[in-house]
Amino acid sequence: MKAFFTLLALETRVLARGGFPVVILVVLAASALSVHALRAVDAAADAASPAGLAGPERLEAGPWTFTVIRAAARPALHERMVTTLLVYEVLILGFLFVAVGLFQQFEEGSLRAYRLSPGGQARWMGAKLLVWTVAGVAYGLAFLAASFELPAWRALPGVVALSALGSLLMTTLGLLLASFSRNLSQWFPPAVGLLALNMAPAALAESWPEARWFAPGGAALAGFEALLGQGDAKPLGAAFAWLGAALALALPLSWLALRARVFKEGGR
Amino acid sequence: MILVERLRHDYEGKGNYAVYDVSFSVAPGTIFGFLGPSGAGKSTVQNILTGLLPLQEGRAELAGTRVSDLRSAFFNKVGYSFELPNLYNTLTGYENLAFFAGLFSVPTEDPMKLLARVGLAAAAGKRVAQYSKGMKQRLLFLRSIINRPEILFLDEPESGLDPATALVVKDLIREQRDRGAAILLTTHNMYAADELCDRVAFIDRGRILAEGSPRELKLGYGEKLVRVEYRERGEPASERLDLAGEPGRERLAAIARSGALETVHSTEATLESIFIELTGRRLAE
Ligand SMILES: Nc1ncnc2c1ncn2[C@@H]1O[C@H](COP(=O)(O)OP(=O)(O)OP(=O)(O)O)[C@@H](O)[C@H]1O
Ligand SMILES: [Mg+2]
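Residues numbered from 1 in each chain as written. Chains lettered and ligands numbered in written order. Predicted model: local features only at pLDDT ≥ 70, side-chain atom pairs only at ≥ 80, totals over all residues. Heavy atoms only, no water.

**A look at unusual backbone geometry**
Residue and element names in this part refer to chain B.
Next, step 1: Of note in the backbone geometry, Arg148 takes a positive phi value of approximately 45° without being a glycine.
Next, step 2: Turning to its location among the elements, Arg148 is positioned in the loop between α4 (133–145) and β7 (151–155).
Next, step 3: Residue Arg148 is classed as partly exposed on the basis of its relative accessible area, which comes to 42%.
Next, step 4: Positive phi values are uncommon outside glycine, yet Arg205 reaches one of about 45°.
Next, step 5: Assignment of secondary structure puts Arg205 in the loop between β9 (199–204) and β10 (207–212).
Next, step 6: Assessed through its relative accessible area of 53%, Arg205 is described here as exposed. (Helix = DSSP H or I, 4+ residues; strand = E, 2+ residues; numbered from the N terminus. Buried < 20%, exposed > 50% of the residue type's maximum accessible area, 1.4 Å probe, protein only.)

Below, the structure written as structure tokens:
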């Protein structure tokens, strides 16, 4: 236990001292501002189309007449921005920074020294996962607060739980991927590729809602939409189950990859 | 106890051995010096012993445990100081030691006391990224002894240190030995080896060429002669005398009686001269 707390202290200290706090404040400010800006756009759009006039629109084109029926409760732009940022920014925090931290430890050689201490791989991995999961949840709440979008009290435990599960999964995947690289430039192309795949469901959601279940990002998105009242609440259970199952798969894979690539004898 | 038997290592698997049939053992409470030129295979042996390199051929044990079977708890008993830097650069010197101490489940030394001993007390709160090479070297050394290890690996512990600090570090190394640690010390520095080591082995091109206590080796390889300098009718003169025989002893006594004797030097070999004799090469590049 003492060794685990020591590692937690180390991880948080390294996190606090690197460029991380500054980077994260800038990103937080930009994200919150974008939500505020979209909220203004939404308000302007509402003003332009007063509720009374909203309704089916008819479009005539040659022999056809199209009736455009608005989705009953299409979330406003700024609300969609909130869930999108929660999933594709907040949840990937650990994915990105756990890799940065690992490469720093390679570079300075401190990992080599750690491997010759009684610390062990389990504590090392556990401390990283815990720190980045907590950081993800805290950042998510800070983002919601700064965007004035904190959910109702009733939804809060769900939002925290989903952020925690999503961050934990993404951090685990971050360790898995990073263990195959030795520095940022090796890691960058596959990382960008994976993050793009993670975002694909959001792009496909309009035409093919089921696509969301092909990537953690989509599953998390469904969960946050359900929690924040932007869609129906049904997918919430499925989202938790999906992310939980993915975590159950990712944890052992990540453990083995780290064992073979980072903690193995002959490794750096 | 460190035990190595017929150790071989081939990095590329092409029959090009970096270490070939190396055998030695280091008993508790002794300092074993591993001497050899750059590229001799010293770090390779150390890295096999620490599990950083896989064991290919031969036997290697630490305190009775095969190095391929070491579990992380075993590292409570071991200390390492490497040639390559491996400190947490964003942490201070103090934090580096305190953090490492926190990983052990055995009693550890007080980081501040250790820092003070090697003149790092004032720099304790400074980040390691801002340390000089010699400061990092001292910190690495302190980190290796923070858990009072039973087995201690030191790779060039005195390199890059000023003479005064080197003295302190040597004292600390002797303290480790005196409390019973088995120490494997790697170095190019023959004087440090002579002063510190209970036994030394000369290694070159992956093979051990000779092994023994520095004294045994020096006696074994030196010419057992003394060189005397004296004045003969005001002019400096010198002679080499073999004191093993009666004529040599007589001659020395005669010179001494004449009152003209100025100096007497033994001509025992130095570790460096033995090494050159063994390998035909100079030690320091
Ligand atoms: N990773 C490696 N791959 C291939 N060959 C290596 C590797 N590391 C070392 N060698 C070779 O093994 C031999 C022994 O190297 P080693 O590092 O053990 O020497 P050393 O005695 O520690 O030298 P130094 O005093 O310079 O530290 C050298 O010929 C070196 O070129
Ligand atoms: Mg070396």
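**Thoughts on the pattern of salt bridges**
Residue and element names in this part refer to chain B.
Next, step 1: Evaluation of the coordinates by the stated rule reveals 25 salt bridges over all chains.
Next, step 2: A salt bridge links Arg59 to Glu5; its shortest N-O distance comes to 3.2 Å. With Arg59 in strand β4 (residues 57–62) and Glu5 in strand β1 (residues 2–9), this residue pair connects regions lying 54 residues apart in the sequence.
Next, step 3: Take Arg59: its relative accessible area is 36%, and that puts it in the partly exposed class.
Next, step 4: Using a relative accessible area of 35% as the deciding quantity, one classes Glu5 as partly exposed.
Next, step 5: Here Arg148 makes a salt bridge to Glu109, at a shortest N to O gap of 3.0 Å. Taken together, the residues span a long stretch of sequence, with Arg148 in the loop between α4 and β7 and Glu109 in the loop between α2 (93–102) and α3 (111–117) at a distance of 39 residues.
Next, step 6: Where salt bridges share partners, they join Arg6, Arg8, Asp21 and Glu57 into one cluster. (Salt bridge = Lys/Arg side-chain N within 4 Å of Asp/Glu carboxyl O.)

**Considering the environment of B:Phe32**
All names here are of chain B.
Next, step 1: Topologically, Phe32 is positioned in strand β3 (residues 31–35).
Next, step 2: A relative accessible area of 2% places Phe32 in the buried class.
Next, step 3: For the pair Phe32 and Thr186, spaced 154 residues apart in sequence, the C-alpha to C-alpha distance is 8.5 Å.
Next, step 4: Each residue touching Phe32, except ones within four places of it in the same chain, is listed here: Phe24, Ser25, Val26, Ile183, Leu184, Leu185, Cys197, Arg199, Val200, Ala201 and Glu211. (Contact = heavy atoms within 4.5 Å.)

**Quick word on the site of ligand 1**
Residue and element names in this part refer to chain B.
Next, step 1: Close to ligand 1 lie Tyr11, Ala18, Pro37, Ser38, Gly39, Ala40, Gly41, Lys42, Ser43, Thr44, Glu83 and His188.
Next, step 2: Between ligand 1 and Thr44, the relevant distance is 2.5 Å, taken from an oxygen atom to a side-chain nitrogen or oxygen of the residue.
Next, step 3: Here an oxygen atom of ligand 1 sits 2.8 Å away from a polar atom, N or O, in the side chain of His188.
Next, step 4: If ligand 1 stood free it would expose 640 Å²; the protein chains cover 60% of that surface.
Next, step 5: Of the residues assigned to the shell around ligand 1, the class counts are four nonpolar, six polar and two charged. (Near = heavy atom within 4 Å. Polar contact = N/O pair within 3.5 Å; in protein donor to acceptor, adjacent residues only side chain to side chain. Areas by Shrake-Rupley, 256 points an atom, 1.4 Å probe, with all protein chains shown as cover. Nonpolar A, V, L, I, M, F, W, Y, C, P; charged D, E, K, R; others polar.)

**Considerations on the sheet that holds strand β13 (residues 261–266) of chain B**
Note: strands within a sheet are paired through backbone hydrogen bonds, in either parallel or antiparallel orientation.
Residues and elements named next belong to chain B.
Next, step 1: A sheet is described by the order of its strands in space; here three strands give the open sequence β12-β11-β13, paired in antiparallel fashion. Looking at which strands have only one partner, the edges of the open sheet turn out to be β12 (235–242) and β13. Between one strand and the next, the sheet's axes are offset by a mean angle of 20°, whatever the strand orientation.
Next, step 2: By the bridge criterion, five bridges tie strand β11 (residues 225–232) to β13 in an arrangement that is antiparallel. (Pairing = 2+ DSSP bridges. Axes fitted to C-alpha atoms, helices over the stretch in contact; angles between N-to-C directions.)

**Observations concerning the domain arrangement of chain B**
Next, step 1: In terms of domains, chain B is made up of domain 1 (2–213) and domain 2 (223–267).
Next, step 2: If you average the C-alpha positions of domain 1 of chain B and of domain 2 of chain B, the two centres end up 44 Å apart. (Domains from an automatic or database assignment.)

**Side note on the interface of chain B and chain A**
Next, step 1: With 29 residues of chain B at the interface, the matching set in chain A holds 25 residues.
Next, step 2: Buried surface at the junction of chain B and chain A, summed over both partners, amounts to about 2,500 Å²; 61% is from carbon and sulfur atoms.
Next, step 3: At the junction of chain B and chain A, the tally comes to two salt bridges.
Next, step 4: B:Glu95 serves as the salt-bridge partner of A:Arg17, at 2.8 Å between the closest nitrogen and oxygen.
Next, step 5: Across the contact surface, chain B and chain A share six residue pairs in polar contact (both at pLDDT 80 or more).
Next, step 6: Top element by residues in the side of chain B that touches chain A is α2(B). It accounts for five residues.
Next, step 7: Split by residue class, the side of chain B that touches chain A holds 17 nonpolar, nine polar and three charged. (Buried area = accessible area lost by both parts, 1.4 Å probe.)

**Remarks on α2(B)**
Next, step 1: Taking burial as the measure, the ten residues of α2(B) include eight buried ones, the bulk of the element.
Next, step 2: Among the residues of α2(B), those classed as buried are B:Gly93, B:Glu95, B:Asn96, B:Leu97, B:Phe99, B:Phe100, B:Ala101 and B:Gly102.
Next, step 3: Where α2(B) is buried, its residues meet α1 (2–17) and α5 (110–115) of chain A together with α3 and α4 of chain B.

**Things to note about the sheet that holds β7(B)**
All names here are of chain B.
Next, step 1: The strand order β6-β7-β8-β3-β9-β10 describes an open sheet built from six strands, whose pairing is mixed. The open sheet has two edge strands with one neighbour each: β6 (78–81) and β10. Neighbour to neighbour, the strand axes of the sheet diverge by 15° on average, direction disregarded.
Next, step 2: Strand direction decides the pairing type here: β6 and β7, joined by four bridges, are parallel. Counterpart to Tyr80 in the pairing with β7 is Phe153.
Next, step 3: Sheet strands in contact with helix α5 (residues 163–178) are β3, β7 and β8 (182–187), and its direction is about 150° off that of β8.
Next, step 4: The sheet contacts of helix α7 (residues 214–221) involve β9 and β10, and relative to β10 the element is tilted by about 100°.

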